[in-house]
Amino acid sequence: MLIFTALGPFQAWADGSPIDLGGQRQRAVLARLLVAAGRAVPVSTLIDELWPGAPPPQALSTIQGYVSRLRRALEPGRAPREEASVLVSAPPGYALRAAVEQVDAWRFESLVKSDGPPAQVWADMDSALGLWRGPALAEFAELSWAATEASRLEELRLIAVERRAEAGLALGRARSLVADLEAHASAYPLREEAWRLLALALYRLGRQGDALAALRRARAVWRDELGLDLSATLTALEADMLAQRLDDPPPVVREAGRELRVLVADDQALVRTGVRAMLEAEPGLTPAGEAADGEEAIAAVLERRPDVVLLDIQMPHLDGLAAARRILAAPKPPKVVVMTTFGSDENLYAALRAGVSGFVLKTSAPEQFVAAIRAAAAGDALIDPAVTMRLISAFAGRGDPGSPPALAGLPDDRLDVLKLVARGLSNQQIGRTLSLPEEEVGLVVASLLEHLGLTDRAQLVMAAYESGLVTPGVR
């Protein structure tokens, strides 16, 4: 299958392998046709836009030569007299014929313009932003048509960032959005929507002072840069915050946010079928694909971007442990829950250290699978504590150069939270135990992960036991 990528280095691919598109100007012909989104581009326009102001006398024949060579590269199996089906003649010029799914820029634009409930918008914007690998059409930046299209795509990218954040707020995900929105508002300080979303996210976390401070920063920037006060929208938002007139998202929206996409990776078709049936029968869960070995699992995660991966620890070709490490090492990885009939304790312990969210036995009841998926997606608790405790008891005493740094120096209130995390309590349970708001517990857990250089709650449990802060079997 042919794929064209313009959201980053410009390239065409055939079944995953890059195609030699020739020199810079020949590549520019294909890029210009891609920008036209399937519409015909007259040869005269190609000449004017490839040689701005001073086309050579042989420009027409040169363009024809470029098109001929590109056709051979894109359709190497085409017979000499057979009409081209990709780069086609469309008098008075040429056009690129491809499906939306074959061109990353076309698919990106389609996703950004999609609509639906917040959960669908979140998924679509996540997919759209995942298509970007760098600045669009950067290698043709000196050509005005490419610069114009790159600016248009960049504006759509910013809209996608903001639409994703808007959907995330509706789904109750303010905590995970604040850092990204802070960076977005700092990078694009004249965008009203960036400041509005940042202020709302902070307010939803109970940080009213920080929310108002963000709007004050926006006012200062706008006065310095534009000589203007805040827009009517931001001024009204500031007044609503001061009067505490803003409501939480309606319950129906929060319900939509619980829809989770789950990828199942197991070499046994019977297991995959059973788990798929369980997912399809459970409201709020939906299958995101299947894989029969570790390599397939990694590829499926990249393609489908699930929220949670149920991963068999023992599979052929590439085992579950190696697959888990590679999945979790990627940017913005899904949560991974290991499935096991009772694998090697060494492997299960190594999986915990790699950052998996816990274990579920294949013999478990469907409700335990569901609980595992939901807990992992929420970043909230380890699964099957009996297995976890046995592993910790067996292995936590080992010296390990890869262990997180010592916990010395952490204040007592942080250590109290860490002890309860290690006991398997959820943020809500920890909040009740320590008389803290659940949101504050979440922020403490996030700060512990950052301080210790870890990525997952399961690794915090390892840190607590390996440092001796908590002793297996002792309450």
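Definitions and limits used
- Residues numbered from 1 in each chain as written.
- Predicted model: local features only at pLDDT ≥ 70, side-chain atom pairs only at ≥ 80, totals over all residues.
- Heavy atoms only, no water.
- Axes fitted to C-alpha atoms, helices over the stretch in contact; angles between N-to-C directions.
- Helix = DSSP H or I, 4+ residues; strand = E, 2+ residues; numbered from the N terminus.
- Parallel < 35°, antiparallel > 145°, perpendicular 65-115°, else oblique.
- Left-handed = near helix turned anticlockwise from the far one by under 90°.
- Contact = heavy atoms within 4.5 Å.
- 1 Å grid on protein atoms, 1.4 Å probe; cavity = no way out; pocket = protein on both sides within 12 Å on 5 of 7 lines; lining within 4 Å.
- Points joined across faces, edges and corners; volume = space filled by probe spheres on them.
- Nonpolar A, V, L, I, M, F, W, Y, C, P; charged D, E, K, R; others polar.
- Pairing = 2+ DSSP bridges.
- Expected span 1.5 Å × (residues − 1).
- Buried < 20%, exposed > 50% of the residue type's maximum accessible area, 1.4 Å probe, protein only.

What is the right way to read the packing of helix H18 (residues 412–422) against helix H19 (residues 427–434) from this model?
Their axes nearest at 10 Å, the elements H18 and H19 cross at an angle of 130°. In terms of orientation, H18 lies oblique with respect to H19. The chirality of how H18 crosses H19 is right-handed. Contacts from Asp416, Val417, Leu420 and Val421 of H18 reach H19 at Ile430, Thr433 and Leu434.

Would you mind showing me how to read the layout of surface pockets here?
A water-sized probe, rolled over the atoms, reveals where empty space remains. Each pocket or cavity is described by its volume, and for the second largest pocket that value is around 290 Å³. Lining the second largest pocket are 13 residues, and of these Leu129, Arg157, Val161, Asp180 and Lys332 sit closest to its centre. Secondary structure elements with two or more residues in the lining of the second largest pocket: helix H6 (144–170) and helix H7 (174–187). If you tally residues by element for the lining of the second largest pocket, the top one is H6, at 5 residues. For the lining of the second largest pocket, the class distribution of residues is 8 nonpolar, 1 polar and 4 charged.

Explain the pairing of strand S1 (residues 2–5) here, please?
Regular strands place their side chains on alternate faces of the sheet. Taken together, the 4 bridges between S1 and strand S2 (residues 11–14) define a ladder with antiparallel strand orientation. Note that in S2 the partner of Phe4 across the bridge is Ala12. Turn length for the S1-S2 hairpin, with the two strands adjacent in sequence and antiparallel, is 5 residues, and the turn residue Gly8 shows positive phi of about 135°.

Is there a simple way to think about helix H3 (residues 59–74) in this case?
Residues spaced three or four apart along an α-helix face the same direction, because each turn holds 3.6 residues. For H3, built from 16 residues, the straight-helix expectation of 22 Å at 1.5 Å per residue is met to within 8% by its first-to-last C-alpha distance of 22 Å. Every buried residue of H3 is accounted for by Ala59, Ile63, Gly65, Tyr66, Val67, Leu70, Arg71 and Leu74. Against S1, S2, helix H1 (24–35), helix H2 (43–50), strand S5 (87–90) and strand S6 (93–96) lie the buried residues of H3.

What am I meant to see in the sheet that holds strand S7 (residues 260–265) here?
Paired through backbone hydrogen bonds, the strands of a sheet run either parallel or antiparallel to each other. As summarised here, the arrangement of the 5 strands in space is S8-S7-S9-S10-S11, forming an open sheet in which the pairing is parallel. Each edge of the sheet is formed by a strand with only one pairing partner; in this case those strands are strand S8 (285–291) and strand S11 (359–361). Mean inter-strand twist for the sheet, computed between neighbouring axes without regard to direction, equals 25°. Note: strand S9 (residues 308–312) against strand S10 (residues 335–340), 5 bridges, orientation parallel. Bridge pairing in S10 places Leu311 opposite Val338. Contacts from helix H14 (residues 320–329) reach S9 and S10 within the one sheet, and its direction differs from that of S9 by about 160°. Across the face of the sheet, helix H16 (residues 366–378) comes into contact with S7, S8, S9, S10 and S11 while running at roughly 150° to S10.

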